[in-house]
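Here's the letter readout for the chains.
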Amino acid sequence: MSTRIRVFMFFAIGHMALVALGMAHIGVLPTTTIPGKALRVYTGVSGADKGYGFFAPGVRHQERAVFLMTDAEGRQWEGDLGFGESAEANLRLGSTANVLREVDDETAFHFMRSMAAKMFQRHPTAQTIKVQVQAYGIKLPGASNGVPAIDFPTMAEFRSGKQPEWIDLYSLTFQADEAGQTVAVLDNQGMLK
């Protein structure tokens, strides 16, 4: 067996081990360490930390990031990250907002700032960009750290007319400086401090 195949198999087996641990909800490293944080981000982005309970009672709601751009004259328009070149890329783009709830506030802030920077590149006339993270479902009573609790309606609620909708969870508004760097946070709504 060639070295290339051995390396590939090592990583494939390692990933499958992380998937199995994710299904069992077993953490490998403490998330307070740098390797633990890196592993948490990898498992979150790759989906290895999910329980794969697609048809279970606890199906998780979908989240998305929506961008509200404002130009110098106050005109506003919405945008999104768009689509990748493959189904896999689209899946990763679609799951980006889900990852934000899984990481600490500092990592989520840098993730949102990076997304805002990409939108500033695409929309050079924008003066500010508000990154809104939304969830699809119905709002339940109660909240955790100011973020509303979200779930899907029961069949009885659905039959009685209760429909899921996109609900704002939290947002940050960014402004670019003269050099085009995404630096200023103008306001902050939700879980991020």
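Check the entry above for the structure.
Summary of the structure given here. (Residues numbered from 1 in each chain as written. Predicted model: local features only at pLDDT ≥ 70, side-chain atom pairs only at ≥ 80, totals over all residues. Heavy atoms only, no water.)

### What about the side chain of Gln134?
Inclusion rule: Labels follow the DSSP assignment, with helices taken as runs of H or I lasting at least four residues and strands as runs of E lasting at least two, numbered in each case from the N terminus. When a residue's accessible area, from a 1.4 Å probe over protein chains only, is under 20% of the maximum for its type it is buried; when over 50% it is exposed; and in between it is partly exposed. Here a polar contact means two N or O atoms within 3.5 Å. Within protein one must be a hydrogen donor candidate and the other an acceptor candidate, and residues neighboring in sequence count only if both atoms are side-chain atoms.
Structurally, Gln134 can be placed in strand 3 (residues 126–144). By relative accessible area, which is 9% here, Gln134 ends up buried. Reaching out from Gln134, the side chain makes a polar contact with the side chain of Arg64 at a distance of 2.8 Å. In this structure the side chain of Gln134 is engaged in a polar contact, spanning 2.8 Å, whose partner is the side chain of Asp168.

### Points about the side chain of Asp71
Our working rule: What makes two residues a contact is simply this: any of their non-hydrogen atoms within 4.5 Å.
Considering the arrangement of structural elements, one finds Asp71 in strand 1 (residues 63–71). When sequence neighbours within four positions are dropped, the list of residues in contact with Asp71 reads Trp77, Thr125, Ala126 and Gln127.

### Focus on helix 2 (residues 34–46)
Filter applied, for reference: Multiplying 1.5 Å by the helix residue count minus one yields the expected span of that helix.
Between the first and last C-alpha of helix 2 there are 18 Å, a value that for 13 residues agrees with the 18 Å anticipated at 1.5 Å per step. In the segment just after helix 2, Gly47 is the residue with positive phi, at about 85 degrees.

### Some remarks on the packing of aromatic side chains
Which entries qualify depends on this criterion: Stacked, tilted and edge-to-face pairs are distinguished by plane angle, under 30 degrees for stacked and over 60 for edge-to-face with tilted covering the rest, among Phe, Tyr and Trp rings (Trp via its six-membered ring) whose centres lie within 6.5 Å. Geometrically, a lysine NZ or arginine CZ counts as sitting over a ring once it is within 6 Å of the ring centre and also within 35 degrees of the ring normal.
With the rule as written, the count across this model stands at 3 aromatic pairs. Geometrically, the ring pair formed by Phe10 and Phe11 is edge-to-face, given 5.4 Å between the ring centres and 75 degrees between the ring planes. Note on Phe11: relative accessible area 56%, which makes it exposed. Here Tyr136 and Trp166 contribute two aromatic rings whose centre-to-centre distance is 5.1 Å and whose plane-to-plane angle is 50 degrees, an arrangement assigned as tilted. Here Trp166 lies in strand 5 (residues 165–176) and Tyr136 lies in strand 3, a separation of 30 residues in the sequence. The positively charged end of Arg64 is found above the aromatic ring belonging to Trp166, 3.9 Å away from the centroid.

### Focus on the pattern of salt bridges
In plain terms, the rule: Put simply, a salt bridge is a Lys or Arg side-chain nitrogen that is within 4 Å of an Asp or Glu carboxyl oxygen.
Evaluated as defined, the whole model comprises 2 salt bridges. In this structure, the salt-bridge partner of Asp71 is Arg75, at a minimum N-O distance of 2.8 Å. Glu73 is the partner of Arg75 in a salt bridge, and the nearest nitrogen-oxygen pair spans 3.0 Å. Both residues of the pair, Arg75 and Glu73, belong to the exposed class.

None of this, on its own, says anything about what the molecule does.
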